[in-house]
Amino acid sequence: LCSEHGFSLFAIFAFATCGGYSGQLRVSVDCVNKTDSNLSIGIDFAYPFRLHQVSFYAPLCEGKRQERLFLTGDYSSSAEFFVTIAVFAFLYSLLATVVYIFFQNKYRENNRGPLIDFIVTVVFSFMWLVSSSAWAKGLSDVKVATDPDEVLLLMSACKLQANKCGSVHGPMWSGLNTSVVFGFLNFVLWAGNIWFVFKETGWHKSAQRYPAGSSDKQTSALNQKPYNRGSFEQSGGFGAQGDLGQQSSYGQADGYAAGGPTSFANQM
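Residues numbered from 1 in each chain as written. Predicted model: local features only at pLDDT ≥ 70, side-chain atom pairs only at ≥ 80, totals over all residues. Heavy atoms only, no water.

**Some remarks on the overall build of the chain**
So the rule is basically this: Starting at the N terminus, helices and strands are each numbered in turn, a helix being any DSSP run of H or I of at least four residues and a strand any DSSP run of E of at least two. The rule is simple: take the accessible area with a 1.4 Å probe, protein chains only, and divide by the maximum for that residue type; under 20% is buried, over 50% is exposed, in between is partly exposed. Contact between two residues is taken to exist if any of their heavy atoms lie within 4.5 Å; hydrogens are not considered. What sets the accessible areas is the Shrake-Rupley method with a 1.4 Å probe; for residues, cover comes only from the shown protein chains.
Broken down by element type, the chain carries seven helices and five strands. Listed by position from the N terminus, the elements making up the chain come as α-β-β-β-β-α-α-α-α-β-α-α. A buried classification covers 31% of the 268 residues belonging to the chain. In the chain, once contacts between residues fewer than 6 apart in sequence are set aside, the share between residues at least 24 apart is 72%. A total accessible area of about 16,300 Å² is found for the chain, and carbon and sulfur atoms account for 62% of it.

**Some details on the UniProt feature "transmembrane region" (unreviewed entry) in the chain**
Cut-off, in case you're wondering: UniProt positions are given in the numbering used here, feature names are shortened, and annotations may be inferred rather than shown by experiment.
Mapped onto the present numbering, the UniProt feature "transmembrane region" (unreviewed entry) falls at residues 81-103, 115-136 and 180-198. When the span residues 81-103 is considered, its composition is 96% helix and 0% strand, and the gap between its end C-alpha atoms is 31 Å. Between the C-alpha atoms that bound residues 115-136 the distance is 32 Å, and the span itself is 100% helix and 0% strand.

**Brief notes about the packing of helix α4 (residues 112-145) against helix α6 (residues 174-198)**
Worth spelling out the cut-off: To get an axis, a line is fitted to the C-alpha atoms, and for a helix only the part in contact is used. The angle between two axes follows their N-to-C directions and goes from 0 to 180 degrees. Note on angle classes: values under 35 degrees are labelled roughly parallel, values over 145 roughly antiparallel, values of 65 to 115 roughly perpendicular, and the remainder oblique. Left-handed describes a crossing whose near helix is turned anticlockwise from the far helix by less than a right angle; the clockwise case is right-handed. Asp, Glu, Lys and Arg are counted as charged, while Ala, Val, Leu, Ile, Met, Phe, Trp, Tyr, Cys and Pro are counted as nonpolar; the rest, among them Gly, fall into the polar class.
Where α4 meets α6, the axes come as close as 8 Å, and the angle between the chain directions of the two elements is 160°. Between α4 and α6, the angle falls in the class roughly antiparallel. In this structure, the crossing between α4 and α6 has a hand that is left-handed. The residue makeup of the contact of α4 with α6, split by class, is 18 nonpolar, nine polar and two charged.

**Re the state of the cysteines**
Selection rule: Any pair of cysteine sulfurs within 2.5 Å is marked as a disulfide.
Under the counting rule described, the total for this entry stands at two disulfides. Shown here is the disulfide that connects Cys 31 with Cys 61, its sulfur atoms set 1.8 Å apart. In this structure, the disulfide formed by Cys 31 and Cys 61 twists by about -70° around the S-S bond and is classed as left-handed. Residue Cys 31 is located in the loop between β1 (22-30) and β2 (38-46), and its partner Cys 61 is located in the loop between β3 (55-59) and β4 (66-70); the two are separated by 30 residues in the primary sequence. Taking the relative accessible area as the measure of exposure, Cys 31 reaches 2% and is therefore buried. Indicated for the chain is the disulfide connectivity 1-2, 3-4, based on numbering the bonded cysteines in sequence order.

**Quick notes on α6**
The criterion, for reference: What a helix should span is 1.5 Å times the count of its residues minus one.
Here α6 spans 37 Å end to end across 25 residues, near enough to the 36 Å set by a 1.5 Å rise per residue. If you check which residues of α6 are buried, you get Leu 176, Ser 179, Val 180, Phe 182, Gly 183, Asn 186, Trp 190, Asn 193 and Val 197.

**Side note on the sheet that holds β2**
Test applied: Any two strands between which DSSP finds at least two bridges are classified as paired.
Pairing is antiparallel across the open sheet formed by three strands, whose spatial order is β2-β1-β5. Each end of this open sheet is capped by a strand with a single partner; those strands are β2 and β5 (164-169). Looking at each pair of strands side by side, their axes are set apart by 25° on average, direction ignored. Summarising the sheet, β1 and β2 pair through seven bridges and their orientation is antiparallel. From the neighbouring strand, Val 29 faces β2, where its bridge partner is Asn 38.

**Comments concerning the packing of helix α2 (residues 76-102) against α6**
The contact between α2 and α6 brings their axes to 12 Å, and the two run at 45°. Here α2 is positioned oblique relative to α6, judged by the angle of their axes. The crossing of α2 and α6 is left-handed. Here Phe 82, Ala 89, Tyr 92 and Ser 93 of α2 come into contact with α6, specifically with Ser 179, Gly 183 and Trp 190. Each residue belonging to the contact of α2 with α6 can be placed in one class, and the counts come to four nonpolar, three polar and no charged.

**Considerations on the packing of aromatic side chains**
Convention followed: Think of it this way: a Phe, Tyr or Trp ring, Trp meaning its six-membered ring, pairs with another when their centres are within 6.5 Å, and the plane angle makes it stacked under 30 degrees, edge-to-face over 60, tilted otherwise.
Under the defined criterion, the tally for this structure stands at 14 aromatic pairs. Measuring from centroid to centroid gives 6.1 Å for Phe 15 and Phe 90, while their planes differ by 65°, and the two rings are edge-to-face. You can see Phe 15 sitting in helix α1 (residues 2-19) and its partner Phe 90 sitting in helix α2, a full 75 residues away along the chain. A residue is classified by how much of its surface remains accessible, and Phe 15, at 21% relative accessible area, is partly exposed.

**Some remarks on the pattern of salt bridges**
Inclusion rule: Between Lys or Arg on one side and Asp or Glu on the other, a salt bridge is scored when a side-chain nitrogen of the former is within 4 Å of a carboxyl oxygen of the latter.
All told, the structure shown has four salt bridges when counted by the stated rule. Between Glu 80 and Arg 50 there is a salt bridge, with its nearest N and O atoms 3.1 Å apart. Of this pair, Glu 80 sits in helix α2 while Arg 50 sits in the loop between β2 and β3, placing them 30 residues apart in sequence. Residue Arg 50 is classed as partly exposed on the basis of its relative accessible area, which comes to 31%. For Arg 65, the salt bridge identified is with Glu 62, shortest N-O distance 3.1 Å.

The structure is reproduced here in structure tokens:
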């Protein structure tokens, strides 16, 4: 139960730090004609990081003319995939918590609940690994696409050496870096929980029954050995009595034989 609360909490951190992100970068264009310059061009972007739809205006350093430019790249697929996995993991953790508290008997009935829980845990562990890896790569590409030095290369005025272009400040990446960390941390938590969920399934319990059954058979076999030995000793006892009987009969025969010659000698 405590682990499910932990899963919910870490899942919230994962999708909140990624899905709630918004960043900004600023660049400056100092034209030869100072009246045409713009020393603070702000470019805002946010989740889901469809940067090719983010536009901004930059001076051409030709009077008051400006050009509309767009950032490059679309990284929404990896970001949305990561957030989707985090949201579904959060919802499943809440559902599992409710089942553990209020429907414990039905959960263990026919072993169906533990088996479903085990399969879902394995699937989420794999999905956390895939989505976190994809988002880590996507975040790396977002950082490159929003680098102020890369953005300056898109401006026509910055291609002329007479104009001076520079970076005012870049985006803050601490929130998105945290989202990647929480993604891989969720993978570790879910993967580590596989063993504990497996112990609740019938597969683990049946594996424990087989050694017990074999030991019972060995015990019963050992218990039968004294009986067999007793019966054997009884049969041996009868044999011994038989031998004694034969010996006594032989003794009588010898006595008769000895008596015969003695009476014959007296007659003589």
